[in-house]
Amino acid sequence: MKPRHILMGVALAGAAALVVFGDKSPSNTVAEAVDRRPPRAPSAAAAATTVMAAPASAAARPGETSILRLVPREELIGDAGEGSFKSKDGVFGGQSWNPPPPPPTAAELHPAPPPPPTAPPLPFQYLGKAAADGQWEVYLGRGEQTFVVHKGEQIEGVYRVDAIAPPTLTLTYLPMNQVQQLNIGVIE
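Residues numbered from 1 in each chain as written. Predicted model: local features only at pLDDT ≥ 70, side-chain atom pairs only at ≥ 80, totals over all residues. Heavy atoms only, no water.

Going by what an unreviewed UniProt entry lists, the protein chain is known as Prolin-rich transmembrane protein and is assigned to Massilia eburnea.

(A) Highlighting the sheet that holds strand β4 (residues 154-155). Reading across from one edge, β4-β5-β6-β7 is the order of the four strands in this open sheet, with antiparallel pairing throughout. Every interior strand has two partners, whereas the edge strands, β4 and β7 (178-183), have only one. (Pairing = 2+ DSSP bridges. Helix = DSSP H or I, 4+ residues; strand = E, 2+ residues; numbered from the N terminus.)

(B) Up close: a nonpolar patch on the surface. Together, Met 1, Ile 6 and Val 10 line one region of the surface with nonpolar side chains, adding up to about 380 Å² of accessible area. Assignment of secondary structure puts Met 1 in the segment before α1 (3-21). Overall, the relative accessible area of 84% leaves Met 1 in the exposed class. (Patch = residues over 30% accessible without salt bridge, like charges linked within 9 Å, V, L, I, M, F, W, Y side chains within 5 Å. Areas by Shrake-Rupley, 256 points an atom, 1.4 Å probe, with all protein chains shown as cover. Salt bridge = Lys/Arg side-chain N within 4 Å of Asp/Glu carboxyl O. Buried < 20%, exposed > 50% of the residue type's maximum accessible area, 1.4 Å probe, protein only.)

(C) Expanded view of the side chain of Thr 170. Structurally, Thr 170 can be placed in strand β6 (residues 168-173). Residue Thr 170 is classed as buried on the basis of its relative accessible area, which comes to 13%. When near neighbours in sequence (up to four residues on either side) are disregarded, Thr 170 contacts Arg 160, Val 161, Asp 162, Ala 163, Val 179, Gln 180 and Gln 181. (Contact = heavy atoms within 4.5 Å.)

(D) The pairing of strand β3 (residues 145-149), seen in detail. Bridge count between strand β2 (residues 135-142) and β3: five bridges; the pairing is antiparallel. Within β3, the position partnered with Val 138 by the bridge is Val 149.

(E) Geometry of the pairing of strand β1 (residues 125-132). By the bridge criterion, seven bridges tie β1 to β2 in an arrangement that is antiparallel. Directly across from Ala 130, in β2, lies its bridge partner Glu 137. Counting the residues in the hairpin turn of β1 and β2 gives two residues, including Asp 133, whose phi is positive at 55 degrees.

(F) Representation of the nonpolar core within the structure. In this structure, Phe 124, Leu 140, Ile 155, Leu 169 and Leu 171 are the most contacted members of the largest nonpolar core, which totals 16 residues. Contributions of two or more residues to this core are made by β2, β3, β5 (159-165) and β6. When sequence neighbours within four positions are dropped, the list of residues in contact with Leu 140 reads Phe 124, Gln 125, Tyr 126, Leu 127, Gln 145, Thr 146, Phe 147, Val 149, Ile 155, Leu 169 and Leu 182. (Core = buried A, V, L, I, M, F, W, Y, C linked by side-chain atoms within 4.5 Å.)

(G) Local environment of the sheet that holds β3. Spatially, the three strands line up as an open sheet ordered β1-β2-β3, and their pairing is antiparallel. The open sheet has two free edges, formed respectively by β1 and β3, since each of these has just one partner strand. In this sheet, neighbouring strand axes are inclined to one another by 20 degrees on average, regardless of whether the strands run parallel or antiparallel. (Axes fitted to C-alpha atoms, helices over the stretch in contact; angles between N-to-C directions.)

What follows is the structure, encoded as structure tokens:
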């Protein structure tokens, strides 16, 4: 161990001892104001400034100390002030060596309107089809559910089957009245 390590250990032990065994009683005494007189008499200009800054109601008697009111910062240095953070570049002026950005194009100034809303993609998966009583019926699946649909039926009040003509099944998405098609394969 080096001597400086020993010295730092002793200093640490001394600081710990002061924390543990030091005087922890609060001081009940009040510090009195100290009379500090300038070593020489103030000049006439300084005396006039002191008298003007003191409020009339708090005129100090000779030998007494008075506390003057605080002057707002705006009166002292103005709104922005020298070295203020309110300036454009902060305290230190900035310099950028990057080229200026190009002017905005017409497409950026007048963006195209958003596209009209469209129906979501069909949530059904084609499982099969059959012809029964001269009419087609199609088997559709969605998750764990299976639907047997015929022409003109509604599926859960959201889709309507408009036509079953292999190789397509035509559905209408009722909330937006948009027609969608599902490939169901050719006639077997």
